[in-house]
Amino acid sequence: MSWERELEELRQREALAEQMGGEAKVARQHGRGKMDARARLAALTDEGSFREIGKIAGKGLYDENGDLTGVTPAPFLFGKATINGRPVVATADDFTIRGGAADAGISRKMVQAEKMAHELKLPIIRMIDGTGGGGSVKTLEQIGATYIPAVPGWSDVVKNLDSVPVVALALGPTAGLGAARTVASHYSIMVRGLSQIFAAGPAVVDGLGESYKGSDNHQQAKEDLGGSDIHTRNGVVDDEVASEAEAFARARHFLSFMPEHVGQHARRTECADPVDRREEALLSLVPRDPKQVYSMRRCLEMVFDRGSVFEIGQMWGRACITALARLDGWPVAVLASDPSFLGGSWEAKTSEKVERFVKLADQFRLPIVHLVDNPGFMIGREAEMAGTIRYGVQAMNAVYKASVPLSCVVLRRAYGIAGSAMSNAETFQYRYCWPSGDWGSLPIAGGLEVAYKSELEAAEDPAAELEAIRARLDKVTSPFRSAERFNVEDIIDPRDTRPLLCEFAELAWRRLRSGT
């Protein structure tokens with residue numbers, strides 16, 4: 001006797017699961033310009049690598065004889081797959097079934113996916129499209145009672161943040177638990193015009209009496225309430241992309257820099273970019289006029305392995321560029337001042353971004369390279385109202401707490417407390433300075449009139465006296481005077497930056513691979 005009849009039922013149930021919410025709802029999903037959950041899993045992962053777990057879970061429909069007539073699949077899919085040849089847990093909400101909202105079948109599936117990630121030490125990717133929560137107010141009548149809120153398995157979400165890389169892709173309107181699952185990640189993406197994030201959607205907000213621009217158009221209302229224009233600029237989400245395909249590509253790229261879990265080393269790649277490449281353009285990158293800006297991103301392109309710079313969070317905390325990159329194939333985390341935004345001054349959002357990124361680098365054991373042109377913390381009433389000093393000190397604390405090797409290159413300015421946050425001054429300073437270096441407790445230009453007030457008032461020609469004082473101080477503030485006293489370790493030819501940082505990366509990874 002064989003079990004062919006049962007296997008036939010299994011194949012029937014699997015076929016029903018593959019129909020997702022049914023032909024009409026799948027067509028509606030595609031009509032919104034969105035891929036369905038199964039297509040997303042196939043597009044994200046290596047071809048043919050996805051092995052689904054719990055495929056036939058859901059709600060069975062039976063006739064009066066107890067025979068199966070149909071299945072409503074659970075609106076959450078997950079399984080084991082590979083990305084770039086490495087194992088991962090891949091998950092996807094199915095918006096075609098109850099808008100991705102939870103039912104009795106989804107809760108344990110979602111919990112099991114999270115447990116699988118940290119117990120087997122696998123990165124997890126969440127493709128989020130819907131609430132992921134317990135349904136609507138109407139659900140309460142079906143249950144017959146209300147309940148005190150709790151999120152089953154949230155402790156597993158927390159464990160994953162401490163143990164494995166977590167990537168979240170918002171691929172549609174995400175509210176409540178869906179929004180929480182998005183931000184509880186190490187790297188998050190929104191698709192412009194396709195995904196929105198909110199604690200509660202427009203209908204609920206309108207019910208509370210709040211109105212906002214675009215509320216007469218449902219799609220525009222969602223964008224106005226929680227579109228990528230909002231959340232990639234306030235730091236809720238790291239990046240926005242133009243399409244789902246680009247979101248998948250960026251998720252794969254991010255994971256290529258990461259180890260599979262905390263305690264494992266990230267991987268070196270083959271590098272055809274010469275270590276001794278010296279870019280002539282670096283010699284004139286920093287202008288002599290201290291008020292003139294330049295492109296720090298151009299510097300990154302010239303210093304790090306060609307094509308390896310992967311910027312994260314470009315639209316928020318813009319005074320500091322945060323990126324993953326490679327030096328002679330070795331993965332590193334990059335902090336780089338951006339003088340084109342607020343002159344590179346750290347305000348509250350920039351400080352928050354720096355803190356988060358340094359913690360990411362330290363957690364996954366990536367050496368840090370810091371390219372410095374920082375005139376200090378942002379000043380003024382608005383900066384004080386935003387609590388800049390608190391966020392700034394927290395960023396500095398993160399730098400001091402980090403135990404991975406760090407090298408910094410001072411391109412131009414390093415002033416005040418923010419300037420001192422370039423590295424942990426209590427450790428060996430693996431530091432280089434360009435001849436354009438300019439540092440101190442505060443910018444000289446901003447304090448001359450105050451410091452020399454009596455001399456200027458007594459001078460027959462205050463303007464000429466001010467110029468004479470400035471000329472004297474220009475010599476005193478020469479970076480070579482600091483080097484004489486070994487207050488800076490080395491002043492280098494800017495063209496030597498790449499070779500020296502490649503040397504640092506090799507030494508840093510030598511230490512990390514030794515287990516320290």
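Residues numbered from 1 in each chain as written. Predicted model: local features only at pLDDT ≥ 70, side-chain atom pairs only at ≥ 80, totals over all residues. Heavy atoms only, no water.

- Taking an unreviewed UniProt entry as the reference, the protein chain is identified by name as Methylmalonyl-CoA carboxyltransferase belonging to Altererythrobacter lutimaris.

**Side note on the overall build of the protein chain**
So, point 1. Helix and strand content of the protein chain: 21 helices and 18 strands.
So, point 2. Put simply, of all contacts in the protein chain between residues at least 6 apart along the chain, 72% involve residues at least 24 apart.
So, point 3. Accessible area of the protein chain: about 24,800 Å², with a carbon and sulfur share of 54%. (Helix = DSSP H or I, 4+ residues; strand = E, 2+ residues; numbered from the N terminus. Contact = heavy atoms within 4.5 Å. Areas by Shrake-Rupley, 256 points an atom, 1.4 Å probe, with all protein chains shown as cover.)

**Let's talk about the packing of aromatic side chains**
So, point 1. Per the counting criterion, the structure on display carries nine aromatic pairs.
So, point 2. Taking the centre distance of 5.8 Å and the plane angle of 65° together, the rings of Y187 and F310 count as edge-to-face. Residue Y187 is located in strand β9 (residues 187-191), and its partner F310 is located in strand β12 (residues 310-312); the two are separated by 123 residues in the primary sequence. Per residue, the accessibility class of Y187 equals that of F310, and both read buried.
So, point 3. Feature note: the residues Y187, F254, F257 and F310 constitute an aromatic cluster, connected by ring pairs.
So, point 4. Above the plane of the ring of F95 lies K34, whose end atom (NZ or CZ) is 4.1 Å from the centre. (Phe/Tyr/Trp six-rings, centres within 6.5 Å; stacked < 30°, edge-to-face > 60°. Buried < 20%, exposed > 50% of the residue type's maximum accessible area, 1.4 Å probe, protein only. Lys NZ or Arg CZ within 6 Å of the ring centre and 35° of its normal.)

**Things to note about the sheet that holds β9**
So, point 1. The strand order across the open sheet formed by seven strands is β1-β4-β5-β6-β7-β9-β11, and the pairing between neighbours is mixed. Bordering the open sheet on either side are β1 (51-53) and β11 (239-241), each of which pairs with just one other strand. Across the sheet, the mean angle separating the axes of adjacent strands is 25° when strand polarity is ignored.
So, point 2. Two strands pair when backbone bridges link them, and strand β5 (residues 86-93) and strand β6 (residues 124-128) are joined in this way by four bridges, in the parallel orientation. Paired with A90 across the two strands is I125, which belongs to β6.
So, point 3. Sheet strands touched by helix α11 (residues 244-257): β4 (76-83), β5, β6, β7 (166-170), β9 and β11. Its angle to β9, the strand with the most contacts, is close to 170°. (Pairing = 2+ DSSP bridges. Axes fitted to C-alpha atoms, helices over the stretch in contact; angles between N-to-C directions.)

**Observations regarding the nonpolar core**
So, point 1. Formed by 94 residues in total, the largest nonpolar core has its most connected members in L169, F254, F304, L324 and L371.
So, point 2. No other element matches helix α21 (residues 497-513), which puts eight residues into this core.
So, point 3. Two domains each donate at least three residues to this core, and these are domain 1 (3-257) and domain 2 (280-514).
So, point 4. Not counting the four nearest positions on each side in its chain, F304 is found in contact with D273, R277, V309, A325, R326, L327, V332, V334, V369, L371 and R498.
So, point 5. F76, A113, I124 and V164 belong to the second largest nonpolar core, which has eleven residues in total. (Core = buried A, V, L, I, M, F, W, Y, C linked by side-chain atoms within 4.5 Å. Domains from an automatic or database assignment.)

**As for helix α12 (residues 296-303)**
So, point 1. Where α12 is concerned, the buried positions are M296, C299, L300, M302 and V303. Buried residues in α12, looked at end-on, bunch into an arc of 165°, giving them a common side.
So, point 2. Close packing links the buried residues of α12 with β13 (320-327), β14 (330-337), β15 (368-374), β16 (406-415) and α21. (Arc of directions from axis to C-beta.)

**Focus on the pattern of salt bridges**
So, point 1. Under the defined criterion, the tally for this structure stands at 39 salt bridges.
So, point 2. Between D129 and K34 there is a salt bridge, and its shortest N-O distance comes to 3.0 Å. Here K34 lies in the loop between α2 (23-31) and α3 (37-44) and D129 lies in the loop between β6 and α5 (137-143), a separation of 95 residues in the sequence. Per residue, the accessibility class of D129 equals that of K34, and both read buried.
So, point 3. For D238, the salt bridge is made with R356, and the minimal N-O distance between the two is 2.8 Å. Remark: R356 occurs in helix α13 (residues 348-363) and D238 occurs in the loop between α10 (228-231) and β11; sequence separation between them is 118 residues.
So, point 4. Each of D273, R277, E279, D305, R306 and R498 takes part in salt bridges that share partners, so that together they form one network. (Salt bridge = Lys/Arg side-chain N within 4 Å of Asp/Glu carboxyl O.)

**Describing the packing of α3 against α11**
So, point 1. Closest axis-to-axis distance for the α3/α11 pair is 10 Å, and the angle between their directions is 45°. In this view, α3 runs oblique relative to α11, as classed from their interaxial angle. In this structure, the crossing between α3 and α11 has a hand that is right-handed. Only E244, F248, A251 and R252 of α11 make contact with α3, whose side of the interface consists of R40, A43 and L44. (Parallel < 35°, antiparallel > 145°, perpendicular 65-115°, else oblique. Left-handed = near helix turned anticlockwise from the far one by under 90°.)

**Digging into a nonpolar patch on the surface**
So, point 1. Judged by side-chain polarity, W3, L7, L10 and I56 come together as a nonpolar surface patch covering roughly 390 Å² of accessible area.
So, point 2. Residue W3 is classed as exposed on the basis of its relative accessible area of 63%. (Patch = residues over 30% accessible without salt bridge, like charges linked within 9 Å, V, L, I, M, F, W, Y side chains within 5 Å.)

**Some thoughts on the environment of V309**
So, point 1. Topologically, V309 is positioned in the loop between α12 and β12.
So, point 2. Judged by its relative accessible area of 31%, V309 is partly exposed.
So, point 3. The spacing of V309 and V334 is 25 residues in sequence and 8.9 Å in space, taken between C-alpha atoms.

**Observations regarding the packing of α13 against helix α15 (residues 388-401)**
So, point 1. Contact geometry for α13 and α15: axes closest at 8 Å, N-to-C directions at 20°. In terms of axis orientation, α13 runs roughly parallel to α15. With respect to the hand of their crossing, α13 and α15 are arranged in left-handed fashion. Residue-level inspection shows A348, S351, E352, V354, E355, V358, K359 and D362 of α13 in contact with α15, the latter providing T388, Y391, G392, Q394, A395, A398, V399 and K401.

**Quick look at α15**
So, point 1. If you check α15, its first and last C-alpha atoms are 20 Å apart, about what 14 residues at 1.5 Å a residue would give, namely 20 Å.
So, point 2. Every buried residue of α15 is listed here: T388, G392, A395, M396, A398 and V399. Buried residues along α15 cover an arc of 155° about the axis, so they all sit on one side. For α15, the exposed residues lying more than 90 degrees away from the buried face are R390 and K401.
So, point 3. Looking at the buried side of α15, the elements it contacts are α13, α14 (381-385), β16 and α16 (416-420). (Expected span 1.5 Å × (residues − 1).)

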